[in-house]
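Structural overview
The chain contents come next:
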Amino acid sequence: ETGVTQTPRHLVMGMTNKKSLKCEQHLGHNAMYWYKQSAKKPLELMFVYNFKEQTENNSVPSRFSPECPNSSHLFLHLHTLQPEDSALYLCASSQEGEVGEAFFGQGTRLTVV
Amino acid sequence: SQKIEQNSEALNIQEGKTATLTCNYTNYSPAYLQWYRQDPGRGPVFLLLIRENEKEKRKERLKVTFDTTLKQSLFHITASQPADSATYLCALGEYGNNRLAFGKGNQVVVIP
């Protein structure tokens, strides 16, 4: 285990549903990230939180809404998604200010029907 | 525009041979480069980091080189094993900025 836990592992939702993805890290890191991974594409950075503050939003549609209540937890709230939003959503954490690796969770495989 | 290129075709290699993967980049000035392994349906797992002033790094059967003139990194798996079959991602990073930029990954299939 990497120390980063994501739930659920799989999610199927309709386009009118509202759901949330959860990420928890037990590594004491101060930076957390959401990435989207679609087939045949590189990982796309969606959101970055440093010390619970959002520092980056890479032009992500408003139907994705992140929340970081503390430095150990990160949520991604989903509503009125489109089928093209189906992908693997990965959470990661690292120590901001240091050169080091990112620790990834196992991901949530999201299917929008 | 910025690009990180990894071979889109899977590398099929006989067990025991050395697998070599390439990561080329344009319009980046990375301070370091990382390699990750990703298995199907799972998150990437960190393998190695090499800084801009380092030419080579080794870890067990893995070796990474970094040539900032050629803007290229090579990733070698020596004495490859079927368990090494996975997708390998390169990622670039800059000092003071933990935003990693990833390549698409290159799949390796080790044939017993």
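Parameters and conventions
Sequence positions are assigned chain by chain, starting from 1 and proceeding in written order. The naming scheme follows written order: chains are lettered A onward, ligands numbered 1 onward. At least 70 in pLDDT is required for a residue's local features to be given in this predicted model, at least 80 for side-chain atom pairs to be given and counted, and no such filter applies to totals for whole chains, interfaces and linings, which use all residues. Just so you know, side-chain values use all the structure's heavy atoms and leave hydrogens and water out. In this description a helix means any DSSP run of H or I spanning at least four residues, a strand means any run of E spanning at least two, and both kinds are numbered starting from the N terminus. Our radius of gyration looks at C-alpha atoms and nothing else; its globule reference is 2.2 Å times the residue count to the power 0.38. Partly exposed describes any residue whose relative accessible area lies between the buried limit of under 20% and the exposed limit of over 50%, with all areas from a 1.4 Å probe on protein chains only and scaled to the type maximum. Note on contacts: a residue pair qualifies if any of its non-hydrogen atoms lie within 4.5 Å across the two residues. Here the open area of atoms and residues is found with the Shrake-Rupley method and a 1.4 Å probe, where only the protein chains shown may cover a residue. To count as a disulfide, a pair of cysteine sulfur atoms needs to be within 2.5 Å.

A few words now on the overall build of chain B. Assigned secondary structure in chain B consists of zero helices and eleven strands. Along its sequence from the N terminus, chain B presents helices and strands in the succession β-β-β-β-β-β-β-β-β-β-β. The C-alpha atoms of chain B give a radius of gyration of 13 Å, which matches the 13 Å a tight globule of 112 residues would have. C-alpha atoms of chain B, sized along the principal axes, occupy 40 × 30 × 20 Å. Per-residue burial over chain B gives 45% buried out of 112 residues. Sequence-distant contacts, at least 24 apart, represent 55% of the contacts inside chain B between residues at least 6 apart. Within the structure as shown, chain B displays about 5700 Å² of accessible surface, and the carbon and sulfur contribution to it stands at 45%.

Here the focus is the state of the cysteines. When the sulfur atoms of two cysteines share a covalent bond, that bond is a disulfide. Overall, the coordinates contain two disulfides over all chains when judged by the stated rule. Paired through a disulfide, Cys23(A) and Cys91(A) show a sulfur-sulfur distance of 1.9 Å. Across the S-S bond of Cys23(A) and Cys91(A) the torsion is about -70 degrees, and the bridge reads as left-handed. Of the two residues, Cys23(A) sits in strand 3 (residues 18-25) while Cys91(A) sits in strand 9 (residues 87-94), which places them 68 residues apart along the sequence. Cys91(A) gets classed as buried once you look at its relative accessible area, which sits at 0%. Covalently, Cys23(B) is tied to Cys90(B) through a disulfide, its sulfur atoms 2.0 Å apart. Taking the torsion about the sulfur-sulfur bond, which here is approximately 60 degrees, the covalent link between Cys23(B) and Cys90(B) counts as right-handed. With Cys23(B) in strand 3 (residues 19-26) and Cys90(B) in strand 9 (residues 86-94), the pair connects residues that are 67 residues apart, well separated along the chain. On the basis of relative accessible area, Cys23(B) is assigned to the buried category, the value being 0%. A disulfide-free cysteine, Cys68(A) has its sulfur positioned 9.1 Å from the sulfur of Cys91(A), the nearest such atom. Judged by relative accessible area, Cys68(A) falls into the buried class, the value being 12%.

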